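Residue strings, one per chain:
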Amino acid sequence: MTKDYGRYFNRPSHKKARKRVSKETAHIDFDKHINIKNIGVGKHYLLQTYGCQGNEADSETMQGILEALGFKPTDKEEKADIIILNTCAIRENAENRVFGELGRLKQYKTTKPDLLLAVAGCMPQEESVVNRLLEKYPYVDLIFGTHNIYKLPEYIETALHGKERVVEVFSEEGQIVENMPKRRDHPAKAWVNIMFGCDEFCTYCVVPYTRGKERSRAMGDILAEVDSLIKEGYQEVTLLGQNVNAYGRDKADSNISFAALLEALGKTAINRVRFTTSHPNDFDQATIDVIAKYDNMMPHIHLPVQSGSDSVLKKMNRKYTKASYLALIEAIKANIPGVSITTDIIVGFPTETEADFLETLDLVEQVDFEGAFTFVFSPRANTPAAKYEDKISLSEKKSRLKRLNERINAGYKKGHERFYQTTQYVLVDGLSKKSDKILAGYTPHNKLVNMPGEADLIGKIVPVNITEAKTWFLKGEIIGKP
Ligand code: 5AD
Ligand code: SF4
């Protein structure tokens, strides 16, 4: 029997999320479909973001929508009228943190019964999570996923007035929604989504199910967004997608590709272009050439390898080999002199032997990565790898992670040392975490620099002499004007 849990009841379905259809995705305009009313005037919102840059960008959209409704931001839980957790499902510990946080936030529902508590993002896209929320967390008022952020005004209105729980998760991705309001967090750096979803289906990964099929935005819409960011004074854009190199693959027009998009952006007045994340399979020579051609393409490439063992890569469904990855790195280094390369690596994948792990260490040695996000494999519900027999003990997994991190940390240090006593152009991000007299910013190679300076330089690009190289950052002195 189905219990009546509230309005719009719509649970996620793994079967539907796995489906792929080849038709092009329709685009709709937020302004034409969504009715904005002043339902948040006099009220405050608190938004907590977990996970990747995709979630950070989604949170900026939620902030934009909430502020269009009249809500004001607050970082005080007791002051908030709505608390939204924008969640991540990539590994089990990300999910556990959210369940823990919900347990802690329950107290505010007692002291402030009108508080709306919402769970958004990737976790609600999973059947098992929604079932757990419905059964064990009845005080959560609003549950919605990654495909329907644009309907937030309607959900809040229903939850506020109807006093009913709103649960709506779409398993099939709908349209691409353009012109959603945004309240960006940074004054000079902006996320720009270029595509959504992923069709790679790496066997360990939940993303193809939580984010749906690959859908590329129209090139004209992306260029128009960047154009207005330039006019607003932004210095840097980071193009976002689960696999940016697949940009345009879902479009009928074969001239639309990631390299073509970069070429168009190379000709604009934006000072810095970055992108994340790339997939080695789709990273082509045309893309390498266009990065090499334009000064505003930053010389840092994050290229997740996941493993250096061919047999593990095969089980992961990565569709490349250690040798082909190394050949790609070779081509990138040959064409983009001094490029900085970082990666993602998973250790303890179910079938990984000590010999497989040594292949990974050897690959790390050969590439000379200047940074990496390293993870222990985390089985995710309904993914193929979760069913593989896992014979590796936890202590062995932890030991492999430690051995890998020692090598990776040496790479961070080496990657910083090469800039000692050079001049670097640093985009000043803000004040350093430790002092309001020290500024922090990033070089073209994406190296963090701390330097003495005044807050009026935030958002500007300044020349800096690098005076010290540490493992995690550089120190420098500003030697000129923006
Ligand atoms: N377990 C551990 N790490 C994972 N990643 C993705 N799925 C898993 C998983 N199930 C890592 C990959 C990916 C990064 C974003 O997260 O390295 O590139
Ligand atoms: Fe996950 Fe693989 Fe897609 Fe990356 S490319 S989001 S790891 S399925």
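Quick summary incoming for the structure in this document.

1. Structural notes on the layout of surface pockets
Link 1 in the chain: There is about 700 Å³ of room inside the second largest pocket.
Link 2 in the chain: Thr61, Val177, Glu178, Met180 and Lys182 are, among the 31 residues lining the second largest pocket, the residues nearest its centre.
Link 3 in the chain: Secondary-structure elements contributing two or more residues to the lining of the second largest pocket are helix H3 (53-68), strand E9 (176-178), strand E10 (189-193) and helix H8 (219-231).
Link 4 in the chain: The dominant element in the lining of the second largest pocket, judged by the number of residues it contributes, is H8, at five residues.
Link 5 in the chain: Looking at the lining of the second largest pocket residue by residue, the classes come out as 12 nonpolar, nine polar and 10 charged.

2. Looking at the site of ligand 2
Link 1 in the chain: Ligand 2 sits among Cys198, Glu200, Phe201, Cys202, Tyr204, Cys205, Val207, Pro208, Gln242, His279 and Arg318.
Link 2 in the chain: Along the lines of polarity and charge, the residues of the shell around ligand 2 split into seven nonpolar, two polar and two charged.

3. Some remarks on the pairing of strand E14 (residues 272-276)
Link 1 in the chain: Across the five residues of E14, five count as buried, placing the element largely inside the fold.
Link 2 in the chain: Neither face of E14 is open: one carries Arg272, Arg274 and Thr276, the other Val273 and Phe275, and all of them are buried.
Link 3 in the chain: In terms of strand pairing, strand E13 (residues 236-240) meets E14 through five bridges, oriented parallel. By the bridge assignment for E14, threonine 238 is matched with arginine 274.
Link 4 in the chain: Read from E13 through helix H9 (residues 258-266) to E14, the crossover connection turns out right-handed.

About the thresholds
Residues numbered from 1 in each chain as written. Chains lettered and ligands numbered in written order. Predicted model: local features only at pLDDT ≥ 70, side-chain atom pairs only at ≥ 80, totals over all residues. Heavy atoms only, no water. 1 Å grid on protein atoms, 1.4 Å probe; cavity = no way out; pocket = protein on both sides within 12 Å on 5 of 7 lines; lining within 4 Å. Points joined across faces, edges and corners; volume = space filled by probe spheres on them. Helix = DSSP H or I, 4+ residues; strand = E, 2+ residues; numbered from the N terminus. Nonpolar A, V, L, I, M, F, W, Y, C, P; charged D, E, K, R; others polar. Near = heavy atom within 4 Å. Buried < 20%, exposed > 50% of the residue type's maximum accessible area, 1.4 Å probe, protein only. Pairing = 2+ DSSP bridges. Right-handed = clockwise from strand over helix to strand, strands pointing away.

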